[in-house]
Amino acid sequence: MQKSLTKLNKEIKDCTKCTRLARYIREVAKNKVRRYKDQPYYGRPLSGFGDVNARLLIVGLAPAAHGGNRTGRMFTGDSSGDWLAKAMHRHGFASIPTSEKADDGLILYDAYITAAVRCAPPQNKPTRQEMENCFDYLAQEFKILKNIKVVLCLGKIGYDTTCKLLQEKPGKFGHNKVFDVNGISIITSYHPSKQNTQTGRLTWRQWSDVFKKAKRLVNKR
Ligand code: SF4
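Because the structure is predicted, anything quoted here is derived from the model rather than measured.

Caption draft 1: Structural context of the packing of aromatic side chains. The full count for this structure, using the stated rule, is five aromatic pairs. Centroid distance Trp83 to Trp204: 5.4 Å. Interplanar angle 70°. Geometry classified as edge-to-face. Highlighted residues: Trp83 in helix H4 (residues 79-90) and Trp204 in helix H8 (residues 204-220), separated in sequence by 121 residues. By relative accessible area, Trp83 is classed as buried at 19%. An angle of 55° between the planes, with centres 6.2 Å apart, marks the rings of Phe173 and Tyr190 as tilted. In this pair, Phe173 sits in the loop between helix H6 (156-165) and strand E5 (177-181) while Tyr190 sits in the loop between strand E6 (184-189) and helix H7 (194-197), placing the two residues 17 residues apart along the sequence. The two residues Phe173 and Tyr190 agree in class, both being buried. Chaining the aromatic ring pairs together yields one cluster made of Tyr159, Phe173, Phe179 and Tyr190. It is Arg201 that lies over the ring of Tyr190; its NZ or CZ is 4.1 Å from the centre.

Caption draft 2: Here's a closer look at the packing of H4 against H8. Contact geometry of H4 with H8 gives a least axis separation of 9 Å together with a crossing angle of 50°. With respect to their mutual orientation, H4 and H8 come out oblique. The interaxial crossing formed by H4 with H8 has right-handed handedness. Here H4 contributes Trp83, Leu84, Lys86, Ala87, Met88 and Arg90 to the contact with H8, which in turn contributes Trp204, Trp207, Ser208 and Phe211. Its residues assigned to classes, the contact of H4 with H8 comprises seven nonpolar, one polar and two charged.

Conventions used here
- For every chain, the first residue of its written sequence is number 1, and the numbers climb from 1 along that sequence.
- With pLDDT at 70 or above as the cut-off, local features in this predicted model cover only qualifying residues; side-chain atom pairs require 80 or more to be listed or tallied, and sums for whole chains, interfaces and linings still use all residues.
- Hydrogens and water are ignored here; the side-chain numbers use all heavy atoms of the structure.
- Pairing of aromatic side chains requires ring centres within 6.5 Å, counting the rings of Phe and Tyr and the six-membered ring of Trp. Pairs whose planes differ by under 30 degrees are stacked, by over 60 edge-to-face, and all others tilted.
- Note on conventions: DSSP H or I runs of at least 4 residues are helices, E runs of at least 2 residues are strands, and numbering of each starts at the N terminus.
- Throughout, exposure labels follow a simple rule: accessible area from a 1.4 Å probe, protein chains only, divided by the maximum for the residue type, with under 20% read as buried, over 50% as exposed, and the rest as partly exposed.
- Cation placement over rings: the criterion is NZ of Lys or CZ of Arg within 6 Å of the ring centroid and within 35° of the ring normal.
- Structural elements are reduced to axes, namely lines fitted to C-alpha atoms, with helices fitted over the stretch in contact, and the angle between N-to-C directions of any two is expressed from 0 to 180 degrees.
- Should an angle fall under 35 degrees it is called roughly parallel, over 145 degrees roughly antiparallel, and 65 to 115 degrees roughly perpendicular, with every other angle called oblique.
- The handedness criterion is simple: a crossing whose near helix is rotated anticlockwise from the far helix by less than a right angle is left-handed, and one whose near helix is rotated clockwise is right-handed.
- Any pair of residues with heavy atoms lying within 4.5 Å of one another is described as a contacting pair.
- When residue character is reported, Ala, Val, Leu, Ile, Met, Phe, Trp, Tyr, Cys and Pro are called nonpolar, Asp, Glu, Lys and Arg charged, and the others, Gly included, polar.

Note that every value here comes from positions in space, so none of it alone points to a role or purpose.
Written out as structure tokens, the structure reads:
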């Protein structure tokens, strides 16, 4: 029998399969950076979140050490989360244009946010084995989310993981490309990390265009 999302999310929350990551997220939560020293850190693996009937799935890399790993929700409490929430709100996928903390009232419409890896990795670099360990959670999530028509992949790891999920050989990664795989549209985007947004590699216009395309494809399918 298929697991419920609630059961899967509980399993993810308690997961310690990757010894290095399980230790790292606890250490980050214990040895807080100065700017967040008065705040509690979540310090556990993160499940995805959003609308269980979503047609749009967003696949990121992994939670950020002082973003999701602190706030307890993916893409929350850091600049990637700010960019994501702003664009999703602008294109009708989110109730508010910000993503600051887990209880901020953000509701996703027709969209679900998840990641290739559920624990924040050092330098945002999970090992191949850690990605392998975590893949089954995405596969289970994807089975439970029955209405997905469009997958937006943030960054190359998000894209490669999505191709593995859909049993498709990855094409050349680039920004705002679309691939059709067995009735599902895959859109690729540069990740809205500070390294990309602050260097101009990913501009607001390019980022917003990805969501415009996602909206059009979701409504077309
Ligand atoms: S990265 Fe995934 S598999 Fe590894 S410990 Fe975290 S939740 Fe478990």
